[in-house]
Amino acid sequence: MKFGGTSVATLPRWQNIRELVASRRAEGARVLVVVSALTGITDALKQLCGEGGKDKRKAAAGAIAQRHYDLLEHMQLALPGTLGARLSDLAALAADGPAPRGELAWQAQVQALGELMSSALGAAFLSHSGLPTQWLDARECLAAVALPNQNERTRLLSAMVEAKPDPALNARLAALGEVFITQGFIAREQHGRTVLLGRGGSDTSAAYFGALLKAARVEIWTDVAGMFSANPRQVPGARLLQRLDYEEAQEIASTGAKVLHPRCLSPLREPRVPLLIKDTNHPELEGTVIGPEVRAHAPSVKAISARKGITLVSMESVGMWQQVGFLADVFAHFKTHGLSVDLIGSAETNVTVSLDPTENLLDSDAIAALASDLAKVCRVKVIAPCAAITLVGRGMRSLLHTLSGVLAEFGQLRVHLISQSSNNLNLTFVVDEEVVDALLPHLHDLLIGAGALRTDDSALFGPSWQMLYGGGEVVPAVPAWWRVAQRARLLELAAEATPRYVYHLPTVRQQARELKSLAAVDRLHYAVKANTHPAILRVLAAEGFAFECVSPGELDAVAAVVAESVPLLFTPNFAPRRDYVRALATRATVTLDALHPLQHWGELFRGREIVLRVDLGRGLGHHEKVRTGGSASKFGLPLDQLPAFLQLAETHGVAVRGLHAHLGSGVLDAGHWGEVYAQLASLAERIASVVFLNIGGGLGVPAHPGEASLDVAALDRALREVKAVYPQYQLWMEPGRYLVADAGVLLTRATQQKDKGGFRYLGVDTGMNSLIRPALYDAWHKIVNLSRLGEPATALYQVVGPICESGDVLGTDRRLQEAHEGDVILIAQAGAYGKVMSSHYNLRDEADEVVIDD
Amino acid sequence: MQPRLTRVFRFVRSSYADGVAELAYAFDDGEELVETIRFPQAPAVPAERRAAFDAALKLLHLIAGVSYYKAGVPPRIELADGPLDDATAELLDQLYLHGLAEFAYRNGLDLRGRIIFPRGGSAPAIGALDLPKRTLVPIGGGKDSLVAVEAIKSIGGEATAVWVGNSALIAACAERTGLPTLNIQRELAPGLFELNRLGAWNGHIPVTAVNSAILAVAAILYGYDSITFANERSASAATLEYDGQQVNHQWSKSLAFERLLGDWLHTHVAADLDYCSLLRPYSELAITRAFAKLTPYFDVFSSCNRNFKLLGPKPVDRWCGQCPKCHFVFLALAPFLPKPRLLAIFGRNLLDDENQAAGFDALLEYRDHKPFECVGEGAEARAAMHALSLRPEWQEDALVARFRSEILPQLDVAQLALEPWLQPSAEHRVPLRLQAALAAIGA
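Reading the values: rules and limits
Residues numbered from 1 in each chain as written. Chains lettered and ligands numbered in written order. Predicted model: local features only at pLDDT ≥ 70, side-chain atom pairs only at ≥ 80, totals over all residues. Heavy atoms only, no water. Helix = DSSP H or I, 4+ residues; strand = E, 2+ residues; numbered from the N terminus. Contact = heavy atoms within 4.5 Å. Areas by Shrake-Rupley, 256 points an atom, 1.4 Å probe, with all protein chains shown as cover. Lys, Arg positive; Asp, Glu negative; His and termini not counted. Charge placed at Lys NZ, Arg CZ, Asp CG, Glu CD. Buried area = accessible area lost by both parts, 1.4 Å probe. Salt bridge = Lys/Arg side-chain N within 4 Å of Asp/Glu carboxyl O. Polar contact = N/O pair within 3.5 Å; in protein donor to acceptor, adjacent residues only side chain to side chain. Nonpolar A, V, L, I, M, F, W, Y, C, P; charged D, E, K, R; others polar. Buried < 20%, exposed > 50% of the residue type's maximum accessible area, 1.4 Å probe, protein only. Pairing = 2+ DSSP bridges. Axes fitted to C-alpha atoms, helices over the stretch in contact; angles between N-to-C directions. 1 Å grid on protein atoms, 1.4 Å probe; cavity = no way out; pocket = protein on both sides within 12 Å on 5 of 7 lines; lining within 4 Å. Points joined across faces, edges and corners; volume = space filled by probe spheres on them. Phe/Tyr/Trp six-rings, centres within 6.5 Å; stacked < 30°, edge-to-face > 60°. pLDDT = per-residue confidence, 0-100.

Peer 1: Account for the overall build of chain A, with residues named and values stated.
Peer 2: Along the backbone of chain A there are 27 helices and 37 strands. Across its three principal axes, chain A shows a C-alpha extent of roughly 95 × 65 × 65 Å. Excluding contacts between residues fewer than 6 apart, the proportion of contacts in chain A whose partners are at least 24 apart in sequence is 74%. For chain A, the exposed area adds up to about 35,400 Å²; of that, 52% sits on carbon and sulfur atoms. Computed over 82 positive and 90 negative side-chain charges, the separation of the two mean positions in chain A equals 2 Å.

So, in structure tokens, the structure goes:
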């Protein structure tokens with residue numbers, strides 16, 4: 001069992017260690033505890049090594065000793081002899097300085113004291129608290145090997161140990177007792193001098209001991225429950241990885257995961273000792289088990305990681321084609337300039353390599369010198385800063401077909417290099433660094449959505465980081481309104497007629513009230529394009545919402561239902577002149593998003609107050625077709641035309657009262673609106689007439705099982721933070737789908753079934769004519785057999801409609817009950833962009849609409 | 001009230017008590033517009049500095065009025081305290097005319113002959129105040145003021161990093177300097193926002209002049225003998241000429257203004273209060289070269305024009321990558337930093353982005369005039385670009401390649417050397433006590 005610096009720094013943490021060791025003893029295991037130095041001590045010792053003067057060294061040694069005395073006092077222990085001896089060593093080494101032993105050997109001896117002291121202290125504490133514990137000097141067990149490529153520094157400060165099972169050591173320890181404590185990070189070399197194991201040293205020590213003793217398992221106790229499917233700081237929805245094999249774990253550790261140093265896995269591979277990562281604060285969590293056995297699992301992407309600060313060197317030349325030694329010469333230049341190459345991609349006339357960020361790269365002229373040398377033989381291009389995004393999982397190539405959505409995402413970016421190793425464990429894309437932070441969580445979602453990251457397999461994937469450490473309590477999911485409370489009613493409605501949309505007004509109200517809790521928002525508009533049913537408009541008007549319309553038709557629909565006093569927004573895109581004329585005759589505030597209206601119909605707007613929709617230059621959302629920001633989107637005024645727009649506004653006496661941006665739909669990251677808000681506010685500061693900012697909608701509604709819903713409290717925090725800085729602007733939003741998606745379902749009935757080449761098709765009586773989102777956006781809607789809820793789901797169906805289009809698919813690979821003709825099949829989350837986007841295609845009857853309000 | 005139809009701009013009153021200065025203005029018979037400036041932990045004004053303090057406060061009132069005057073640009077200016085002495089009136093006439101030149105150009109106004117501060121009053125006789133030998137160094141979050149700070153630190157000078165207003169970026173930079181800090185708060189009159197809504201004129205004002213006047217008050221209040229700005233040589237160059245008038249976006253950073261205000265402070269406030277720019281002899285390129293050695297600031301500074309009030313940890317949270325300042329600082333630093341280090345500062349490579357071509361063209365004065373921004377002269381930008389075009393690690397980047405193939409053939413290579421830009425000129429007003437710091441920058 002290995003414990004790190006923070007785990008051994010305080011009395012409560014040592015009490016925790018005692019309990020954990022005792023519990024292993026109770027299972028009948030013999031326990032070897034490996035500890036790091038008290039947190040901060042290794043750094044303090046390093047700093048001591050750097051002090052020039054004897055007095056400063058002595059003072060530093062005194063402070064380090066005091067930390068240990070303080071902890072002893074908390075433990076109410078007398079100074080144990082083993083610790084006393086180490087403290088005298090420390091004082092002596094500090095007084096002597098490096099001279100007698102040689103700089104590096106002295107440094108190693110000084111730095112080794114941290115672990116020697118913490119383990120001595122721990123032995124005393126554990127023994128005193130009724131768990132007789134033998135103190136073991138790691139240097140008597142771990143012998144470093146001399147390797148040909150080592151110099152004195154690496155030999156002493158980042159040594160390697162060859163750890164083969166050693167039955168003699170096992171026997172020796174068995175004779176001594178049941179519980180041992182020893183040091184991480186240190187070993188001895190052939191001449192008996194103390195050496196250090198370098199970075200990740202304590203984990204590596206534990207692995208060496210695990211291999212030497214052929215342990216039942218190695219447990220790394222740390223402050224997190226294990227490895228995750230992504231870096232939780234970048235992807236809060238990252239899932240705990242409960243089972244990995246050595247190679248996968250090593251790959252994940254090498255490509256970004258900080259919890260385990262990659263080198264500590266290789267000693268365990270041959271003796272097949274499993275390694276377990278556990279959270280000291282949550283011992284009940286399963287943690288990550290890394291072992292040899294690859295149990296039968298469906299192939300799955302296990303993790304996605306990003307490494308930033310990558311520099312690419314692209315070399316272009318016809319000279320390399322079939323020339324012996326060309327690449328050898330090229331790579332020799334990299335060696336000369338001390339640059340280490342990581343990824344390589346090559347074509348007949350181009351070789352591109354990646355360089356990891358090192359101080360040498362950043363602060364010396366290495367790149368300039370390299371480029372000069374290479375320029376003599378080829379055209380060189382230095383591309384930076386880049387980031388390498390790596391997907392890790394055993395059998396990556398067999399997953400390629402599931403990755404189409406993910407690959408489409410990369411299709412929108414500048415991908416500089418793609419690399420796939422022959423061990424079939426990874427797939428790496430090198431892209432511009434600036435896109436990574438937003439991209440990573442999005443890709444993680446896409447991988448889950450595409451079924452490439454099989455979070456449905458609970459043997460492989462544990463809870464999300466957010467759920468474990470996110471701070472918020474985990475709210476148990478309330479069953480959807482249609483599942484229990486309204487099921488009988490829905491079955492009756494379906495018996496009357498299908499296809500049929502049913503809207504549940506209490507759900508609309510609930511969502512509306514959720515958004516009204518956003519204290520920073522001064523005005524909420526319902527984007528009526530999502531669903532224009534009069535009953536829904538009435539509910540939202542009663543909840544105090546204003547309304548956002550994009551066409552005269554929508555303005556009419558709203559005007560027919562809501563009171564004169566309710567504010568309206570008119571936000572069309574590429575609308576004809578006559579639409580503006582119509583809108584200007586109403587009370588609606590008009591939004592412009594191009595120069596054209598002011599250039600050509602400026603007089604129409606004279607004396608008016610308008611809103612300007614800008615394009616902040618990037619888009620977000622779950623599908624290309626729902627993204628509304630970025631040059632590839634037709635929405636919004638590009639920022640470089642802003643001065644021209646303001647000039648036109650001035651010329652025509654038009655006051656720009658509001659700024660608006662809307663980047664896309666289905667966004668689940670609360671921070672995103674804060675960013676849009678802050679960007680709009682900083683733009684508004686240059687336009688004196690602006691009084692409000694409209695940050696749009698696009699609030700995501702999770703569709704897939706396991707997708708976290710939008711954190712409204714986090715959104716509120718993000719918005720309030722910006723509002724505090726820009727209190728002079730009112731804040732507007734215009735959510736649509738968020739309010740109504742969950743409130744609507746589409747009821748259909750099963751028609752026919754067909755088996756075809758391993759696929760089972762289940763036909764229902766409507767399809768893309770009623771609900772086009774799956775075909776248009778690859779949207780995922782939950783589909784259930786309402787007639788047979790509760791029965792075991794044994795069939796895997798492709799759920800399809802009756803339209804003569806091969807794209808008329810409502811859901812693929814759906815695990816459902818064995819269906820019968822006439823069963824009521826419910827398609828969930830159909831309240832938004834369902835009926836409003838339906839058509840008469842194939843001259844099929846449109847679904848009708850029913851409202852329930854209880 | 002229609003701001004653009006007003007007849008008179010009135011300097012109503014100014015007052016100071018307990019660290020708070022109030023500056024009041026009005027148009028015609030309209031409501032008072034009251035600006036507030038807060039000096040934190042203000043000591044009592046020592047009796048021997050009282051007259052100097054009052055003179056500095058009066059100047060602040062007169063200079064800060066420019067933010068309000070420009071809302072209506074009425075034909076008459078009135079002073080409640082009576083006419084100014086000639087030197088003071090001259091300073092203000094010049095400041096309002098040249099400081100608002102860009103504003104006038106953009107709005108199609110001609111201010112010549114319109115700005116007349118009443119004169120005919122008498123000037124006071126003043127002497128030295130034996131002010132403490134320490135310096136107020138305004139920090140702006142960009143590279144220039146940090147170069148100035150490090151120069152003063154390098155000669156062991158006592159200094160305080162000072163800034164006006166709320167800015168997380170500046171606060172982070174000021175903290176990184178390790179100097180004591182002073183953050184003065186300025187609140188514009190709320191009535192100005194209302195005037196804006198009513199259709200006031202709007203545009204660039206000489207904000208450095210306002211900040212200079214605030215710091216002059218601060219120097220007397222807290223006791224400093226010098227205020228050293230970080231305005232470089234090219235700030236004196238006109239951005240363009242329009243209808244016979246020189247238009248300089250950064251006139252209040254020019255040597256002309258520095259001389260006017262510096263002399264005025266010597267004759268009206270205290271003979272031993274010096275106002276100068278420590279970077280005056282240096283070109284932008286000489287300054288970026290000096291800044292390239294200041295690695296500790298790389299992850300906190302930003303010269304970007306987009307006023308980031310909320311800071312994030314990423315480069316895109318400090319550099320918009322679109323504005324002339326981003327373009328210029330990127331280009332000017334490039335010859336002096338390893339490429340990966342520079343790209344890490346900005347988080348992207350602006351010179352490998354074809355969408356930025358127009359922005360860099362403007363800097364190079366290629367097919368466009370110099371943008372209205374505080375950036376170096378076109379020739380400096382061309383010298384920097386030329387230096388990059390000779391470097392293999394830059395040559396293939398989209399805009400450098402474009403420069404080589406399209407722009408360079410039209411230029412005289414003899415005019416493109418970098419080295420001349422690194423030589424300081426002789427002209428500066430740095431007092432003797434700080435001249436060693438001046439030399440340190442060019443070293």
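Peer 1: Got a sec to walk through unusual backbone geometry? Specific residues and values, please.
Peer 2: The omega angle of the peptide bond from A384 of chain A to P385 of chain A is -10°, so this bond is cis rather than trans. Of note, P385 of chain A is situated in strand β17 (residues 379-392). That bond from T498 of chain A to P499 of chain A is cis: its omega, -5°, falls within 30 degrees of zero. For P499 of chain A, the position within the fold is in the loop between α17 (487-496) and β21 (500-504). Phi at F185 of chain A is positive, roughly 80°, even though this residue is not glycine. Take F185 of chain A: it is sitting in the loop between β6 (179-183) and β7 (186-188). The residue D28 of chain B is not glycine, and still its phi comes out positive at about 45°.

Peer 1: With reference to specific residues and values, describe the interface of chain A and chain B.
Peer 2: On the chain B side, the residues contacting the 35 residues of chain A number 25 residues. A combined buried area of about 2,800 Å² lies between chain A and chain B, and 52% of that area is made up of carbon and sulfur atoms. Our enumeration of links across chain A and chain B arrives at four salt bridges. The closest approach of N and O atoms between E650 of chain A and R4 of chain B, which form a salt bridge, is 2.8 Å. Where chain A packs against chain B, one counts six residue pairs in polar contact (both at pLDDT 80 or more). Elements with a contribution of two residues or more to the side of chain A that touches chain B: α12 (359-363), α13 (366-375), β17, α24 (671-684) and α25 (712-725) of chain A. At six residues, β17 of chain A tops the list of elements feeding residues into the side of chain A that touches chain B. Of the residues that constitute the side of chain A that touches chain B, the class distribution is 16 nonpolar, five polar and 14 charged.

Peer 1: Run through helix α16 (residues 398-407) of chain B, naming residues and quoting values.
Peer 2: Owing to its 3.6 residues per turn, the α-helix aligns residues three or four sequence positions apart on the same side. Residues A398, L399, V400, R402, F403 and I407 of chain B constitute the buried set of α16 of chain B. Those residues of α16 of chain B hidden inside the fold are in contact with β17 of chain A together with α13 (357-363), α14 (378-389) and α15 (392-395) of chain B.

Peer 1: Explain the sheet that holds strand β12 (residues 275-279) of chain A to me, and be specific about the residues and the numbers.
Peer 2: Residue and element names in this part refer to chain A. Spatially, eight strands are ordered β3-β6-β2-β1-β9-β12-β13-β11 in an open sheet, and the strand pairing comes out mixed. For this open sheet the edge positions go to β3 (133-135) and β11 (243-245), each flanked by a neighbour on one side alone. Bridging between strand β9 (residues 218-222) and β12 involves five bridges; their strand directions are parallel. What sits directly across from E219, in β12, is L276. Contacts between helix α8 (residues 201-212) and the sheet are confined to β1 (2-3), β2 (31-35), β6 and β9, with β2 contributing the most and set at about 155° to the helix. In the packing of helix α9 (residues 246-254) onto the sheet, the strands contacted are β11 and β13 (288-291), and the crossing angle to β11 comes to about 95°.

Peer 1: For empty space enclosed by the protein, give the residues involved together with the corresponding values.
Peer 2: If you walk through the whole model with that rule in mind, you get three cavities of 30 Å³ or more. When its volume is computed, the largest cavity comes out at roughly 80 Å³. Along the walls of the largest cavity sit F11, V12, R13, S14, K58, H61, L62, L79, A80, D81, G82 and L84 of chain B, which together make up its complete lining. Taken together, the elements giving at least two residues each to the lining of the largest cavity come down to β1 (8-17) and α1 (50-64) of chain B. In terms of residue count, β1 of chain B provides more of the lining of the largest cavity than any other element does, four residues in total. Taken together, the residues of the lining of the largest cavity break down into six nonpolar, three polar and three charged. Estimates place the volume of the second largest cavity at around 50 Å³. A144, V145, A146, Q150, R155, E189 and Q190 of chain A are the residues that line the second largest cavity. Considering only residue class, the lining of the second largest cavity consists of three nonpolar, two polar and two charged.

Peer 1: Before we move on, can you summarise the packing of aromatic side chains with the specific residues and values?
Peer 2: Residues and elements named next belong to chain A. Following the criterion strictly, the structure yields 30 aromatic pairs over all chains and no others. When the centroid spacing of 3.6 Å and the interplanar angle of 5° are considered together, the rings of F692 and W732 count as stacked. Of this pair, F692 sits in strand β29 (residues 692-694) while W732 sits in strand β30 (residues 730-733), and the two are 40 residues apart along the sequence. For the pair F692 and W732, a shared accessibility class is recorded, and that class is buried.

Peer 1: Describe the sheet that holds strand β8 (residues 226-229) of chain B, naming the residues involved and giving the relevant values.
Peer 2: Residue and element names in this part refer to chain B. Judged by pairing direction, the sheet is mixed, and its nine strands sit side by side in the order β4-β1-β2-β3-β7-β6-β5-β8-β11 without closing on themselves. Edge positions in the open sheet fall to β4 (76-79) and β11 (274-277), since each of these has one partner strand only. Each strand of the sheet is rotated relative to its neighbour by a mean of 20°, with strand direction disregarded. Bridging between strand β6 (residues 159-164) and strand β7 (residues 181-187) involves four bridges; their strand directions are parallel. Along β7, the bridge assignment pairs W163 with N183.

Peer 1: I'd like a description of the environment of E103 of chain A, backed by residues and values.
Peer 2: One can find E103 of chain A in helix α5 (residues 103-128). Once the C-alpha coordinates of E103 of chain A and R153 of chain A are considered, the two residues, 50 residues apart in sequence, prove to be 9.8 Å apart.

Peer 1: I'd love a proper account of the pattern of salt bridges, names of residues and values included.
Peer 2: Enumeration according to the criterion identifies 69 salt bridges over all chains in this entry. A salt bridge links R269 of chain A to E247 of chain A, with the nearest nitrogen and oxygen atoms 3.9 Å apart. With R269 of chain A in helix α10 (residues 266-269) and E247 of chain A in helix α9, this residue pair connects regions lying 22 residues apart in the sequence. The partly exposed category is assigned to R269 of chain A, whose relative accessible area is 30%. The class of E247 of chain A is partly exposed, set by a relative accessible area of 29%. Linking E284 of chain B and K143 of chain B is a salt bridge whose minimum nitrogen-to-oxygen distance equals 2.8 Å.

Peer 1: Which residues make up the confidence of the model for chain B, and what values go with them?
Peer 2: Residue and element names in this part refer to chain B. Counting all residues, the mean pLDDT for chain B is 92, and 97% of those residues have values of 70 or more. Mean pLDDT values over the elements of chain B span from 78, in strand β9 (residues 240-242), up to 98, in strand β2 (residues 20-27). Scored as a whole, the predicted complex attains pTM 0.74, and scored at its interfaces, ipTM 0.77.

Peer 1: Could you give me a rundown of the side chain of R348 of chain B, with the residues and numbers involved?
Peer 2: Relative to the helices and strands, R348 of chain B is located in the loop between α12 (339-346) and α13. Engagement of the side chain of R348 of chain B in a polar contact is seen with the backbone oxygen of C320 of chain B, the distance being 2.7 Å. In terms of polar contacts, R348 of chain B uses its side chain to reach the backbone carbonyl oxygen of F346 of chain B, at 2.7 Å. Residues within four places of R348 of chain B in sequence aside, it is in contact with P385 and E434 of chain A together with P315, V316, W319, C320, G321, F330 and L343 of chain B.

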